[in-house]
Structures are given as C-alpha cells and as structure tokens.
Amino acid sequence: MAATATVAATAVAAAVGAAAVAAPPQATAAAPAEQQQQRQQQQQPVEFDSSRYTLHSQGAEARVWEGTFLSRPAIIKQRFSKKYRHPQLDGKLTASRLKSEVRSMLKARKLGVHTPVVYHVDHATSSIYMERVQGHSLKTLLHGGQLGGTGLEELLVSVGRTIAKLHDGGLVHGDLTTSNMMMRTEDRQLVLIDFGLAYNSTIPEDKGVDLYVLERAFASAHAEEGAAMFEKVLEAYRRASRQWSATLNRFAEVRMRGRKRAMVG
Ligand SMILES: Nc1ncnc2c1ncn2[C@@H]1O[C@H](COP(=O)(O)OP(=O)(O)OP(=O)(O)O)[C@@H](O)[C@H]1O
Ligand SMILES: *[C@@H]1O[C@H](CO)[C@@H](O)[C@H](O)[C@H]1NC(C)=O
C-alpha cells in the first residue's frame, strides 16, 4: 500500500532526521490516479522538483531547501502536512500559515526591518522562494568570538533597535532566537528570518513574551555572556521603542512568572 509506505517513510524520516528525507517527494510507488487523489487530499507538493535543490534543514513543519531562483541564490521553505491532522483541516492550516508567514515578512520589511526578499510563493507546493541571505547567524557569530568589542556592541544594539521597530509597528516575531537573526556579510546588516510564528499584535504582554523568548535563547545558547549580551539588546530596545515602558513592565512580569515556574520545576 502506497499510503502506508508514505506514512512509514515519514515516520522513519522523523526518527532519523534530515538525511532520510532527502529523497524526492515524488518517490512513492503509488499509481498516478491514486497519487493525484492523495495530493489533493493532503495538499502535498505537486511539482516541486527537489532534484534542483539541496536539503538545508528540516524543521517540525517545514523543509528548507537551497538552490537558485531565476539565477539568484534562493532558499525554498516548503511546508509539509502533518499526518496526524485531518487532511482538510491540515490543508487549510498549511495554507493560512504560509500566507501569514509571507504577510509578516512583507510587513516587517515595510517597517524598515531587513528580511529576505520574497521571490515567489507557490501555493500548490506550499513553498516560499526567497532571497538566500549570504552571511552567518548571530548564534554562529557570537560563538565564533571574532567580532571584536565594537562589532559585538553594534550588533547587539542593532538587535534591540530591530525588535523595537517590529514591535512599534505591531508585529510580534514569535520565535526570536539568535539562529533566526543573520548578519549579511555584504553590508553587515542584521536580517531577521523565520516569520513562521509571527503575528499582528499591539499587546504589551505579547511583546514581553517575545523579549523573554530572546532572553532565554541568549541564556541557553551563549552561557554566562548571554545575560550581558541580552542586557545590551534590552538597553537598545528601551532607547528605540516608543512603547518601551508598557512592554518592559510586562516583560518583567513574564520573566518573574518564568522564574517561579523554573523553581517549582
Ligand atoms: N533566507 C534565508 N537565507 C539564508 N538562510 C536561511 C534563510 N531562511 C532560512 N535559512 C536557514 O535555514 C534555517 C531554517 O529556516 P527557518 O528557521 O525559516 O525554518 P524552520 O523550519 O522554521 O526552522 P526551525 O524549525 O528550526 O525554526 C535557518 O536557521 C537558516 O539557517
Ligand atoms: C496584519 O494586519 C494588517 C492590517 O489589518 C493586514 O493587512 C495583515 O495581513 C496582517 N498581517 C498578518 C501577518 O496577519
């Protein structure tokens, strides 16, 4: 049974990680009519030609491919279905998340935040084709230690200002980590990526949680230096955001709740 084979392959892929999923999506043995039906039910990729791209990474809901789009370096983020969700609901969810991610990227850009340029959105394969940012993630840079004092300082200030721009514009990123921030080599600009969890909000609590997620990310990925780095980010945020007061009050509360939870275990 082709359907069983597909499910089994997915389970294996989930178990062993990215390596196993590099096989082309069309490599199942289903008969054409059956395949067609499966695709319609699951809103699965119709003609995403994975042979033209190399798999970069595999997240919980998306595969990220590297290649070119109209001869430009591109990243293709392809959302896939979750087998445990009802097929129709799943299709709708995938479609709405795709749209939301694209809208958020465009909105961030309008607010003056650097994001990858969206080249193309393919609803049939639930894929976003975007500019491939040439550079390194902040996580890598902060670990590398080759930034130098002023370089590091500038970068952290830039993080604070960037988040302030997003928040003042009513956009919450939803997954602020140092992996989701890149420094473009060419112009040393900070570029935010992964707007998959971003949403519209002007509520201080939402912004406070956004900052808290980043604080945790600094603490867990950058050890003792993490706290001092985050303080710089927060200082720049405070100076740049018009709504800093309400947001930072909420942030303090969110942080307190987090600590209590950590103590209780
Ligand atoms: N536009 C881009 N330019 C360069 N690299 C990118 C770009 N988009 C994504 N990447 C790389 O691919 C990785 C995964 O992308 P992204 O975070 O958008 O996917 P995701 O499935 O939401 O990941 P996760 O599940 O880890 O949050 C990023 O950490 C980054 O290394
Ligand atoms: C945020 O709201 C604006 C205005 O209502 C809307 O156009 C946009 O699509 C929304 N963005 C997201 C990510 O939902």
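Refer to the structure above for everything that follows.
Conventions we followed
Residues numbered from 1 in each chain as written. Chains lettered and ligands numbered in written order. Predicted model: local features only at pLDDT ≥ 70, side-chain atom pairs only at ≥ 80, totals over all residues. Near = placed C-beta within 6 Å. Helix = DSSP H or I, 4+ residues; strand = E, 2+ residues; numbered from the N terminus. Nonpolar A, V, L, I, M, F, W, Y, C, P; charged D, E, K, R; others polar. Domains from an automatic or database assignment. Pairing = 2+ DSSP bridges. Axes fitted to C-alpha atoms, helices over the stretch in contact; angles between N-to-C directions. Contact = placed C-beta atoms within 7 Å. Parallel < 35°, antiparallel > 145°, perpendicular 65-115°, else oblique. Left-handed = near helix turned anticlockwise from the far one by under 90°. Core = buried A, V, L, I, M, F, W, Y, C linked by C-beta atoms within 7 Å. Buried ≥ 20, exposed ≤ 12 C-beta atoms within 10 Å, placed from the backbone.

S.K.: I'm lost on the site of ligand 1 in this one. Help?
M.R.: Taken together, the neighbourhood of ligand 1 is formed by 19 residues, with G59, A62, P116, V133 and D194 sitting nearest. Put simply, the parts of the chain that give the shell around ligand 1 at least two residues each are β1 (54-58), β2 (62-69), β3 (72-79) and β5 (127-131). Its residues placed into classes, the shell around ligand 1 shows eight nonpolar, seven polar and four charged. A domain-level breakdown of the shell around ligand 1 finds at least three residues from each of domain 1 (2-131) and domain 2 (135-264).

S.K.: Explain the sheet that holds β3 here, please?
M.R.: The pairing of strands in a sheet comes from backbone hydrogen bonds and takes either a parallel or an antiparallel form. With antiparallel pairing, the five strands of this open sheet are ordered in space as β1-β2-β3-β5-β4. Each having just a single partner strand, β1 and β4 (118-122) make up the two edges of the open sheet. Going from strand to strand, the sheet's axes swing by 25° on average, the running direction of each strand aside. As defined by bridge partners, β1 adjoins β2 across four bridges and the pair is classed as antiparallel. Directly across from S57, in β2, lies its bridge partner V64. Its contacts with the sheet put helix α3 (residues 87-110) on β3, β4 and β5, and the angle it makes with β4 is roughly 165°.

S.K.: Any chance you could explain the site of ligand 2 here in plain terms?
M.R.: By nearness alone, every residue bordering ligand 2 is listed as S100, R103, S104, K107, Y199 and N200. Looking at the shell around ligand 2, the elements that each hand over two or more residues are α3 and β10 (199-200). Among the elements that take part in the shell around ligand 2, α3 stands out by supplying four residues, more than any other. Taken together, the residues of the shell around ligand 2 sort by class into one nonpolar, three polar and two charged.

S.K.: Please clarify how the packing of helix α6 (residues 204-221) against helix α7 (residues 223-240) should be interpreted in this entry.
M.R.: Each pair of packed helices can be summarised by the angle the axes make with each other and by the distance between the axes. Two elements in contact, α6 and α7, have axes separated by 6 Å at closest approach and are oriented at 150°. Judged on the interaxial angle alone, α7 and α6 are roughly antiparallel. Between α6 and α7 lies a crossing whose hand is right-handed. Here α6 contributes L214, E215, F218, A219 and A221 to the contact with α7, which in turn contributes G226, A227, M229 and F230.

S.K.: I'm lost on the nonpolar core in this one. Help?
M.R.: Side chains of nonpolar character tend, in soluble globular proteins, to be buried together. Core analysis: the largest hydrophobic core is formed by 37 residues, its most contacted members being A108, V159 and V233. Summarising the domain contributions, this core has at least three residues from each of domain 1 (2-131) and domain 2 (135-264). Judged by nonpolar contacts, the second largest core, of eight residues, contains A74, I76, L98 and I128.

S.K.: Can you walk me through the pairing of β5 in this structure?
M.R.: The side chains of a regular strand alternate between both faces of the sheet. Extensive coverage of β5 is indicated by the burial of four of its five residues. The pairing of β3 with β5 spans five bridges and is classified as antiparallel. Opposite I75, over in β5, you have M130 as the bridge partner. Taking the residues that link successive antiparallel strands as the turn, the β4-β5 hairpin has four residues, and the phi of S126 there is positive, at about 50°.

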